[in-house]
Amino acid sequence: QQQVKQSPQSLIVQKGGIPIINCAYENTAFDYFPWYQQFPGKGPALLIAIRPDVSEKKEGRFTISFNKSAKQFSLHIMDSQPGDSATYFCAASSQAGTALIFGKGTTLSVSS
Amino acid sequence: GAVVSQHPSRVICKSGTSVKIECRSLDFQATTMFWYRQFPKQSLMLMATSNEGSKATYEQGVEKDKFLINHASLTLSTLTVTSAHPEDSSFYICSARDWGTGYGYTFGSGTRLTVV
């Protein structure tokens, strides 16, 4: 059972565009929703995270939108740059200290 | 911020040998660490949860006798791949949760294991 569903699998945008990546979760016990960026051969790096008591969080060019009733959250990357080309993973966990469960990832390519 | 150091970054071993991967929390104590495996162009799949001073909890389908996890201190967890085979070749990543920063999970830089 896939607990965190991520789409699209891949995404191509032009420089300056706003890629949007979506995730949906099933487990209502989840209360922590981070987004990670991963470059080839490297471990994932935290971009931004949100808790279900807020509907939106912005950090720099990255914004998370969260819809608790729909059990969905999304990542928006403003003014995307070629350096943003990477694989992005959404994830979820619960306060109980369980491990992060990852979505399948989205490969983003930003063309110049 | 919280830092997790993982070594080695790359290792090549012969089929049938064992390989140990270390994961250290450098500036915080990690009572719990997590081990993931990632195949090319795939997501991170949780292998096991490592608890300091107790046995690890393995995910369904992960062979505990093959992937030995030891978490003997609050800053060190090790994953030993025993009797490695080519199908064990993968990217192994550890993670720890820094309760001091709330929910934050910090990841190591990963270990690329190639079994020949």
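Description of the structure in this document. Please read these numbers as outputs of a predicted model, since none were measured by experiment.

## Concerning the pairing of strand 2 (residues 10-14) of chain A
A regular strand carries its side chains on alternate faces of the sheet.
Residue and element names in this part refer to chain A.
Point 1. Residues L11 and V13 of strand 2 are buried on one face, while the alternating residues S10, I12 and Q14, pointing to the opposite face, are not.
Point 2. In this sheet, strand 11 (residues 106-111) lies alongside strand 2 in parallel orientation, the contact comprising 5 bridges. Bridging across to strand 11, S10 finds its partner in T107.

## Topic: the environment of R37 of chain B
Residues and elements named next belong to chain B.
Point 1. Here R37 shows up in strand 4 (residues 32-38).
Point 2. Residues R37 and S9 lie 28 residues apart in sequence; the distance between their C-alpha atoms is 14 Å.
Point 3. In this structure, R37 is in contact with S43, L44, M45, M47, F67, S90, F91 and Y92, ignoring residues within four places of it in sequence.

## Overview of the interface of chain B and chain A
Point 1. Each partner contributes residues to the interface: chain B has 18 residues there, and chain A has 20 residues.
Point 2. For the pairing of chain B and chain A, the buried interface totals around 1,500 Å² over both sides, and the portion due to carbon and sulfur atoms is 61%.
Point 3. Where chain B touches chain A, the interface holds 0 salt bridges.
Point 4. Viewed at the interface, chain A and chain B are joined by 7 residue pairs in polar contact (both at pLDDT 80 or more).
Point 5. Put simply, the parts of the chain that give the side of chain B that touches chain A at least two residues each are strand 4, strand 9 (90-97) and strand 10 (105-107) of chain B.
Point 6. The class makeup of the residues in the side of chain B that touches chain A is 10 nonpolar, 7 polar and 1 charged.

## Description of the pairing of strand 1 (residues 4-7) of chain A
Residue and element names in this part refer to chain A.
Point 1. Judged by which residues are buried, strand 1 turns out to be one-sided: V4 and Q6 face inward and are buried, whereas K5 and S7, on the alternate face, are not.
Point 2. Looking at chain direction, strand 1 and strand 3 (residues 20-25) are connected through 4 bridges and run antiparallel. Of the residues in strand 3, the one forming a bridge with S7 is N22.

## Details of the sheet that holds strand 3 (residues 19-25) of chain B
All names here are of chain B.
Point 1. The 4 strands are arranged 1-3-8-7 in an open sheet whose pairing can be described as antiparallel. The open sheet is flanked by strand 1 (4-7) and strand 7 (67-73), the only strands paired with a single partner. Put simply, the sheet's adjacent strands are angled 15 degrees from each other on average, direction ignored.
Point 2. Inspection of the sheet shows strand 7 paired to strand 8 (residues 76-81) by 5 bridges, in the antiparallel sense. When the sheet's bridge partners are listed, N70 is paired in strand 8 with T78.

## Side note on the sheet that holds strand 7 (residues 62-67) of chain A
Residues and elements named next belong to chain A.
Point 1. Within the open sheet, the 5 strands sit side by side as 1-3-8-7-6. Their pairing is antiparallel. The sheet is open, and its two edges are formed by strand 1 and strand 6 (56-59), each paired on a single side. Each strand of the sheet is rotated relative to its neighbour by a mean of 15 degrees, with strand direction disregarded.

## Quick look at the packing of aromatic side chains
All names here are of chain A.
Point 1. Counted under the stated rule, the structure contains 17 aromatic pairs over all chains.
Point 2. Note on Y25 and F73: the rings are 6.3 Å apart at their centroids and 55 degrees apart in plane angle, and the pair reads as tilted. Placement of the pair is Y25 in strand 3 and F73 in strand 8 (residues 72-77), with a sequence separation of 48 residues.
Point 3. Look at Y25 and you get buried, because its relative accessible area is 7%.
Point 4. You can call F73 buried: its relative accessible area is 1%.
Point 5. Each residue in the set Y25, F30, F33, W35, F66 and F73 is aromatic and connected to the rest through ring pairs, giving one cluster.

Conventions adopted
- For every chain, the first residue of its written sequence is number 1, and the numbers climb from 1 along that sequence.
- Lettering for chains starts from A, numbering for ligands starts from 1, and both go in the order in which the items are written.
- Where local features are concerned, this predicted model is filtered to residues with pLDDT of at least 70; where side-chain atom pairs are given and counted, the filter is 80 or more; whole-chain, interface and lining totals use all residues.
- For side-chain calculations, the full set of non-hydrogen atoms in the structure is used, while hydrogens and water are omitted.
- We call a residue buried when its accessible area falls under 20% of the maximum for its residue type, exposed when it is over 50%, and partly exposed in between, using a 1.4 Å probe and counting protein chains only.
- Counting from the N terminus, the helices are DSSP H or I runs at least four residues long and the strands are E runs at least two residues long.
- We call two strands paired when DSSP finds no fewer than two bridges between them.
- Contacts were defined at the residue level, with two residues in contact if any of their heavy atoms lie within 4.5 Å.
- Accessible area that two parts lose when put together, evaluated with a 1.4 Å probe and summed over both, is termed the buried area.
- A pair is scored as a salt bridge if a Lys or Arg side-chain nitrogen falls within 4 Å of a carboxyl oxygen belonging to Asp or Glu.
- Whenever a nitrogen or oxygen atom comes within 3.5 Å of another N or O atom, the pair is scored as a polar contact, on the condition that within protein one atom can donate a hydrogen and the other can accept it, and that pairs from neighbouring residues in sequence are kept only if both atoms are in side chains.
- Classes in brief: Ala, Val, Leu, Ile, Met, Phe, Trp, Tyr, Cys and Pro nonpolar; Asp, Glu, Lys and Arg charged; the others, Gly included, polar.
- Note on geometry: axes are lines fitted to C-alpha atoms, helical ones only across the stretch in contact, with angles between N-to-C directions running from 0 to 180 degrees.
- Only Phe, Tyr and Trp rings are paired, with Trp represented by its six-membered ring, and only when their centres lie within 6.5 Å; those with planes under 30 degrees apart are stacked, over 60 edge-to-face, the remainder tilted.

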